[in-house]
Amino acid sequence: MNVNDYDFELPETLIAQTPLLDRSASRLLTLNKNNGEVGHHTFSDIVQYLQPGDTLVLNDTRVIPARLFGIKEDTGAKAEVLLLKQMQGDRWEALVKPGKKLKKGAVIVFGDELKAVIEEEGDMGGRVLSFSYDGIFQEILDRLGQMPLPPYIKEQLDDRERYQTVYARHEGSAAAPTAGLHFTEELLDQIKKKGVTVAFITLHVGLGTFRPMSVDTIEEHVMHEEYYSLSQETADVLNATKARGGRIVAVGTTSCRTLETVGNTFADGVLQASSGWTQIFIYPGYEFRVVDAMITNFHLPKSTLVMLVSALAGRENIMHAYQEAIDRQYRFFSFGDAMFIY
């Protein structure tokens, strides 16, 4: 399959630069995956589309202030580091800029509190850094770090918490699970009162979110691994949902990938607690084992995320829905509007 089959023209003006004041006031495009029917709503209308007996699965990862600005110790040249994954102790996988000048052995200093040495070089700006500091790393990061907004967002974020979901708990992500940004505590209460169960998984969003596909055919692409965890409590809820004929509704591609990773782990269809690293790549032809419906934002052209939603709803349905969203001036990407595929 050709990556170019998932390309589309997106006006730059439709890339949302700032979040709405009211999280649940964003727009909601609904897409029936069976017949391609499209509807247009406000996100708070999602309550009407969820049914008693369904389970809504949320990714409770919390974004760390992972973008650091420092200087090279020897030259004083500016250096930028984006933390992606803690490896062992104070060693981190990261992206650096400018990649050509930050080689193995280079030392980067961030004020008086923090210093990093580049230990290994990877491709496309990837590095392994070892940090040294006095005190507690997380507290230093909270003081020095900035939220790692995607590169297509040029505006500064006034309130850090707007790049967190209201239910974010477990720190470790280099990006927000953005489909969850639309929920408020009040909206989640309404959903629960309707008889919908709310369950949580964790997937720490990593390098794959920032890297474009660099191959021509989909099958050649290799996903970067990300850490996930699904508790026995959530496994029990999901098994009970399936048993009673309810739908499992994934909030975001991260929840979807976690659920399908676990679903593929237990061939008998009965889910159990599971954690580890996933590289699952879902694209058309994939047979879903767990997820029945999904809430998601609008994604980049030719991205693995467009391919994932196409696997659930069909490429033609997705391309048609995306074109309608563009024609109707929906807001795209992290701070943009949402889609419900059911």
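Residues numbered from 1 in each chain as written. Predicted model: local features only at pLDDT ≥ 70, side-chain atom pairs only at ≥ 80, totals over all residues. Heavy atoms only, no water.

Undergrad: Can you break down the overall build of the protein chain residue by residue, with the values?
TA: Helix and strand counts for the protein chain come out as seven helices and 17 strands. Rg of the C-alpha trace for the protein chain: 20 Å, near the compact-globule value of 20 Å for 342 residues, within the 12% margin. Taking the principal axes of its C-alpha atoms as reference, the protein chain extends roughly 60 × 45 × 40 Å. A total of 342 residues make up the protein chain; the buried ones form 55% of that total. For the protein chain, restricting intrachain contacts to residue pairs at least 6 apart in sequence, the fraction spanning at least 24 positions comes to 72%. As displayed, the protein chain has an accessible area near 15300 Å², and 47% of this comes from carbon and sulfur atoms. On the protein chain, the mean spot of the 34 positive side-chain charges and the mean spot of the 46 negative ones are 2 Å from each other. (Helix = DSSP H or I, 4+ residues; strand = E, 2+ residues; numbered from the N terminus. Rg over C-alpha atoms; globule rule 2.2 N^0.38 Å. Buried < 20%, exposed > 50% of the residue type's maximum accessible area, 1.4 Å probe, protein only. Contact = heavy atoms within 4.5 Å. Areas by Shrake-Rupley, 256 points an atom, 1.4 Å probe, with all protein chains shown as cover. Lys, Arg positive; Asp, Glu negative; His and termini not counted. Charge placed at Lys NZ, Arg CZ, Asp CG, Glu CD.)

Undergrad: Could you give me a rundown of unusual backbone geometry, with the residues and numbers involved?
TA: Here the amide bond leading from Lys97 into Pro98 is cis, since omega sits at -10°, within 30 degrees of zero. Note on placement: Pro98 falls in the loop between β7 (91-97) and β8 (107-110). The backbone of Gln329 sits at a positive phi, close to 65°, despite the residue not being glycine. Topologically, Gln329 is positioned in the loop between α7 (315-327) and β17 (338-341).

Undergrad: I'd like a rundown of the packing of aromatic side chains, residues and numbers included.
TA: Tallied over the full model, the rule gives 21 aromatic pairs. For the ring pair Phe340 and Tyr342, a centre distance of 5.6 Å and an interplane angle of 15° mean the geometry is stacked. Judged by relative accessible area, which is 0%, Phe340 ranks as buried. Taken together, the ring pairs in this structure connect Phe8, Tyr152, Phe298, Tyr322, Tyr330, Phe332 and Phe333 into an aromatic cluster. Over the ring of Tyr330 we find Arg27; its NZ or CZ atom is 4.0 Å from the centre of that ring. The cationic tip of Arg169 hangs over the ring face of Phe200; the distance from NZ or CZ to the ring centre is 4.8 Å. (Phe/Tyr/Trp six-rings, centres within 6.5 Å; stacked < 30°, edge-to-face > 60°. Lys NZ or Arg CZ within 6 Å of the ring centre and 35° of its normal.)

Undergrad: Run through the pattern of salt bridges, naming residues and quoting values.
TA: Per the counting criterion, the structure on display carries 14 salt bridges. Here Arg67 makes a salt bridge to Glu80, at a shortest N to O gap of 2.7 Å. Of this pair, Arg67 sits in strand β5 (residues 67-72) while Glu80 is found in strand β6 (residues 78-88), placing the two residues 13 residues apart along the sequence. Among the ionic pairs, Arg91 bridges to Glu120, the shortest N-O distance being 3.1 Å. Remark: Glu120 occurs in strand β9 (residues 114-121) and Arg91 occurs in strand β7; sequence separation between them is 29 residues. Among the residues examined, Arg91 registers a relative accessible area of 23% and is labelled partly exposed. Assessed through its relative accessible area of 38%, Glu120 is described here as partly exposed. One network of salt bridges, in which partners are shared, links Arg62, Glu161 and Glu171. (Salt bridge = Lys/Arg side-chain N within 4 Å of Asp/Glu carboxyl O.)

Function cannot be inferred from these measures alone, as they are strictly geometric.
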